[in-house]
Amino acid sequence: MKQRSRALAKSSLLLPSLALLPAALLSALLAPAVAMSQWQQQQYAWGGVAGVLGLWRAGLLACYAWGAGAHMLEIVFSERVVMAAADDPQPTGPLLAALQHPDPIVQDWCLMDLASVAEGAPGAASRRAAIWADETGANGWLPISRYCLAELRDFVGVLAAALPSLQGAAAAGSGVKWNALQLSAAGGKPASSAQDAALWHLQARYCRLVWCMRSLSGLAADAFTADRYGVLHFSSPGLGDVLAAQLGVVAVLTAFIRHSSSIAVRPASAAARLLQRLSSAGSGGACANGGPQQHVDAAACALLDTAKTCTYRLTNTYGEVLASVVVKYKPLVGTVGEAQALLDSFLDHQQ
């Protein structure tokens, strides 16, 4: 903030000064000193100086307002909200309070900060160590993992409910009931309610799901060396729950992408085709023969890449030990054998 304040003050003073310096020089050089009396010369000089100063003040105000707006916009788009300072005696307190806040925007800020801390952001070592400092886990790992796992399990349940092959394994849906009507790729026809929910969750909760997976996998990998009390291994939820959630997300996203890719696309209306051509800027690419399904596939593929990256973080950290862990936990989708096969593909780096 200090650097931004200095840059804002410097630009606000420098820009109007450089712009009005030529005008001040011309005003002094072109003053008709010969044809005026001494009193008239004095009045002209003071009037010219006052005019230049007035323009300088106006330019200063305009540059300050413009620079302040630009810096605030840059902060919103480029800087995360830090829930606690590095020297805070209880750094996890504000973070846990933000997770329980009723405003989902505050929760998103907290999850974004948590993901950065879990992955080793600069200056966050003390905050990450504080999560494992409580041997009971009640003031660190347990509330964080329960929140993130609930998000992932709910997401897996919603997507499984939209897939014919996984409907038997679908968990309870989300309590958020918004007007999430979407158009499927089948000629712009409304999909079923389960598919509506799946499309909405993919697009609206994408960032939240990414932050939850990054937080869980980052903390689980950090616990390999930082968890002195064994909170991750002796508490519930623990390492097995994180592994089962990650494998469940990978499995359900893979099935969802396969299912959505197999849907036959019917021709859309003339207005829809015109809108697609305009939105694709004449590129004639993937958006030329479908509706919003192309955007959903992109979000699903990006989320699947993140899920695989986070799963690889676990397998590269713990290795073959996870093979004996996965059999002790019920998978979110599919059978235990399918979960073992999926884990083996990660251990063999085949994903």
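Residues numbered from 1 in each chain as written. Predicted model: local features only at pLDDT ≥ 70, side-chain atom pairs only at ≥ 80, totals over all residues. Heavy atoms only, no water.

1. Here we look at the overall build of the chain
Inference 1: The secondary structure content of the chain amounts to 14 helices and 0 strands.
Inference 2: Each of the 351 residues in the chain was classed as buried or not, and the buried ones make up 40%.
Inference 3: A separation threshold of at least 6 residues defines the contact pool for the chain, and within that pool the share at least 24 residues apart is 76%.
Inference 4: In the form shown here, the chain has an accessible surface area of approximately 19100 Å², with 62% of it arising from carbon and sulfur atoms. (Helix = DSSP H or I, 4+ residues; strand = E, 2+ residues; numbered from the N terminus. Buried < 20%, exposed > 50% of the residue type's maximum accessible area, 1.4 Å probe, protein only. Contact = heavy atoms within 4.5 Å. Areas by Shrake-Rupley, 256 points an atom, 1.4 Å probe, with all protein chains shown as cover.)

2. With respect to the nonpolar core
Inference 1: Counting 68 residues, the largest nonpolar core has Trp141, Ile144 and Leu253 as its most contacted members.
Inference 2: If you tally residues by element for this core, the top one is helix H10 (residues 239–261), at 12 residues. (Core = buried A, V, L, I, M, F, W, Y, C linked by side-chain atoms within 4.5 Å.)

3. A look at unusual backbone geometry
Inference 1: In this model, serine 236 is joined to proline 237 through a cis peptide bond whose omega is 10 degrees.
Inference 2: Examined against the element boundaries, proline 237 turns out to sit in the loop between helix H9 (231–234) and H10.
Inference 3: Phi at histidine 349 takes a positive value of approximately 55 degrees, unusual for a residue other than glycine.
Inference 4: Mapping histidine 349 onto the fold places it in the segment after helix H14 (336–347).

4. Topic: the state of the cysteines
Inference 1: All chains considered together, the criterion is met by 0 disulfides.
Inference 2: Here cysteine 148 is not disulfide-linked; the sulfur of cysteine 212 is the nearest cysteine sulfur, at 4.0 Å. (Disulfide = S-S within 2.5 Å.)

5. Some points on the pattern of salt bridges
Inference 1: Applying the stated criterion across every chain, the model contains 9 salt bridges.
Inference 2: For the salt bridge of arginine 208 with aspartate 108, the shortest nitrogen-to-oxygen distance reads 2.8 Å. Residue arginine 208 is found in helix H8 (residues 206–226), and its partner aspartate 108 is found in helix H4 (residues 104–118); the two are separated by 100 residues along the sequence.
Inference 3: Looking at aspartate 108, the relative accessible area reads 23%, which means it is partly exposed. (Salt bridge = Lys/Arg side-chain N within 4 Å of Asp/Glu carboxyl O.)

6. Details of helix H6 (residues 141–161)
Inference 1: Taking 1.5 Å per residue, 21 residues should reach 30 Å; H6 reaches 30 Å between its end C-alpha atoms and fits that length.
Inference 2: With 16 of its 21 residues buried, H6 lies for the most part within the structure. (Expected span 1.5 Å × (residues − 1).)

7. A look at a nonpolar patch on the surface
Inference 1: There is a patch of nonpolar side chains on the surface, built from Val81, Ile105 and Trp109 and spanning about 260 Å² of accessible area.
Inference 2: If you trace the backbone, valine 81 turns up in the loop between helix H2 (38–78) and helix H3 (92–99).
Inference 3: Judged by its relative accessible area of 31%, valine 81 falls in the partly exposed class. (Patch = residues over 30% accessible without salt bridge, like charges linked within 9 Å, V, L, I, M, F, W, Y side chains within 5 Å.)

8. A few points about the packing of H10 against H14
Inference 1: Across the interface, H10 lies against H14 with an axial gap of 10 Å and an inter-helix angle of 90 degrees. Judged by the angle between their axes, H10 and H14 are roughly perpendicular. Contacts from Leu243, Leu247, Val250 and Ala251 of H10 reach H14 at Ala339, Leu342, Leu343 and Phe346.
Inference 2: Taken together, the residues of the contact of H10 with H14 break down into 8 nonpolar, no polar and no charged. (Axes fitted to C-alpha atoms, helices over the stretch in contact; angles between N-to-C directions. Parallel < 35°, antiparallel > 145°, perpendicular 65-115°, else oblique. Nonpolar A, V, L, I, M, F, W, Y, C, P; charged D, E, K, R; others polar.)

9. Description of H8
Inference 1: For H8, spanning 21 residues, the distance from its first C-alpha to its last is 29 Å, which sits close to the expected 30 Å at 1.5 Å a residue.
Inference 2: Taking burial as the measure, the 21 residues of H8 include 15 buried ones, the bulk of the element.

10. Regarding the side chain of serine 235
Inference 1: Positionally, serine 235 belongs in the loop between H9 and H10.
Inference 2: Serine 235 sits in the buried class, given a relative accessible area of 17%.
Inference 3: With residues near it in sequence (within four places) discarded, serine 235 still touches Thr136 and Leu142.

11. Observations concerning the environment of aspartate 227
Inference 1: Mapped onto the elements of the fold, aspartate 227 is located in the loop between H8 and H9.
Inference 2: For aspartate 227, a relative accessible area of 11% translates into the label buried.
Inference 3: C-alpha separation for the pair aspartate 227 and alanine 129, spaced 98 residues apart in sequence, amounts to 8.3 Å.
Inference 4: Ignoring any residue separated from it by four or fewer positions in sequence, one finds aspartate 227 in contact with Trp132, Asp222, Leu232 and His233.

12. What to know about empty space enclosed by the protein
Inference 1: Tallying each qualifying case throughout the model produces 1 cavity of 30 Å³ or more.
Inference 2: Forming the walls of the largest cavity are Pro91, Thr92, Leu95, Val117, Arg127 and Ile131.
Inference 3: Only H3 and helix H5 (125–131) provide two or more residues apiece to the lining of the largest cavity.
Inference 4: Taken together, the residues of the lining of the largest cavity break down into 4 nonpolar, 1 polar and 1 charged. (1 Å grid on protein atoms, 1.4 Å probe; cavity = no way out; pocket = protein on both sides within 12 Å on 5 of 7 lines; lining within 4 Å. Points joined across faces, edges and corners; volume = space filled by probe spheres on them.)

13. Structural notes on the environment of serine 126
Inference 1: Here serine 126 is to be found in helix H5.
Inference 2: Sequence separation of serine 126 and proline 91 is 35 residues, and the distance between their C-alpha atoms is 8.3 Å.

14. Regarding the confidence of the model for the chain
One rule of thumb: low pLDDT means the predicted coordinates there are not for detailed reading.
Inference 1: Summary statistics for the chain give a mean pLDDT of 76 and a share of 64% for residues scoring 70 or more.
Inference 2: In the predicted structure, residues 282–295 sits below a pLDDT of 50 and forms 19 contacts with residues beyond four places in sequence or in another chain. (pLDDT = per-residue confidence, 0-100.)

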